[in-house]
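These are the residues of each chain, in order.
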Amino acid sequence: MTKKATTTKYAALLRGINVGGSKKVPMAELRSVLEELGHGDVQTYLQSGNAVFSSAEKDPAALARELETAIEARFGFRVACLVVDGAYLRAVADACPFPAAELEGKQLHATFFSAQPGAERFAALDQASYLPEEYRLGDRVLYLYAPDGLGRSKLAEALAKPAVVKGIDVTTRNWNTVAKLVELTGGGQGGSVSMD
């Protein structure tokens, strides 16, 4: 009797698609790409490049590279993809240093990194000059509190500069999306996920 391979539930976070008319990736086609790669339980969330899927592959970086290659082959442009599992997303949510339950989703954001940035990248940033906006570093994630939203955030602008992000793929999600991805990947309590 052959042993059935166990699968892990992942979220793929695509950077900079379907914004301002460039890099159009319809969610139905993204689902199709993931299914063609052999992944199961494929779902997408919103139009901003969030997909959830199951895979027996245990290396998220390998999954990200495979998805980037498949998207470039299908659409003709490169899209940076970060792939994270449900347990990591749950850990990100649990480690949030800001009172997420008391804030609107648009006030709290998580910027995910493909690699852990060193503290030296942030050395030139004077946090006090951006108050009441604040950030905290976590495990391959930066938590950003922007009370007036991301679009008006001067701190978000500073954090996106090459001195901070050069050589690392980054993508940001608001807290509502983070919470939904925790739920969809089974990172919440209860394990099984259903979607209407």
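Structural notes, computed from the coordinates. (Residues numbered from 1 in each chain as written. Predicted model: local features only at pLDDT ≥ 70, side-chain atom pairs only at ≥ 80, totals over all residues. Heavy atoms only, no water.)

**Some remarks on the packing of helix α3 (residues 86-94) against helix α6 (residues 175-184)**
Packed helices, taken two at a time, are described by the angle between their axes plus the distance between the axes. Rules: For helices, the fitted line uses only the C-alpha atoms of the stretch in contact; every axis is such a line through C-alpha atoms, and the angle between N-to-C directions lies from 0 to 180 degrees. Only DSSP runs of H or I reaching four residues or more are called helices, and only runs of E reaching two or more are called strands; each is numbered from the N terminus. By the definition adopted for this analysis, an angle is roughly parallel if under 35 degrees, roughly antiparallel if over 145, roughly perpendicular if from 65 to 115, and oblique otherwise. Note on convention: the crossing is left-handed when the near helix lies turned anticlockwise from the far helix by less than a right angle, right-handed when the turn is clockwise. The contact definition used throughout considers only heavy atoms, calling two residues in contact when any of these lie within 4.5 Å. Residue polarity is assigned by list, with Asp, Glu, Lys and Arg as charged and Ala, Val, Leu, Ile, Met, Phe, Trp, Tyr, Cys and Pro as nonpolar; anything else, Gly included, falls into the polar class.
Across the interface, α3 lies against α6 with an axial gap of 9 Å and an inter-helix angle of 135°. As far as their axial angle goes, α6 and α3 are oblique. Once α3 is placed against α6, the crossing between them reads as left-handed. Touching L89, R90, V92 and A93 of α3 are W175, L181 and V182, all from α6. A class-by-class count of the residues in the contact of α3 with α6 yields six nonpolar, no polar and one charged.

**Observations regarding the pairing of strand β4 (residues 81-85)**
Selection criterion: Residue exposure (1.4 Å probe, protein chains only): buried if accessible area is under 20% of the type maximum, exposed if over 50%, otherwise partly exposed. DSSP-based pairing: two strands are paired if at least 2 bridges between them are found.
Of all the five residues making up β4, four are buried; the element is thus mostly covered by neighbouring parts of the structure. Both strand β1 (residues 8-14) and β4 contribute to a ladder of five bridges, which runs antiparallel. Counted as the bridge partner of Y10 is D85 from β4.

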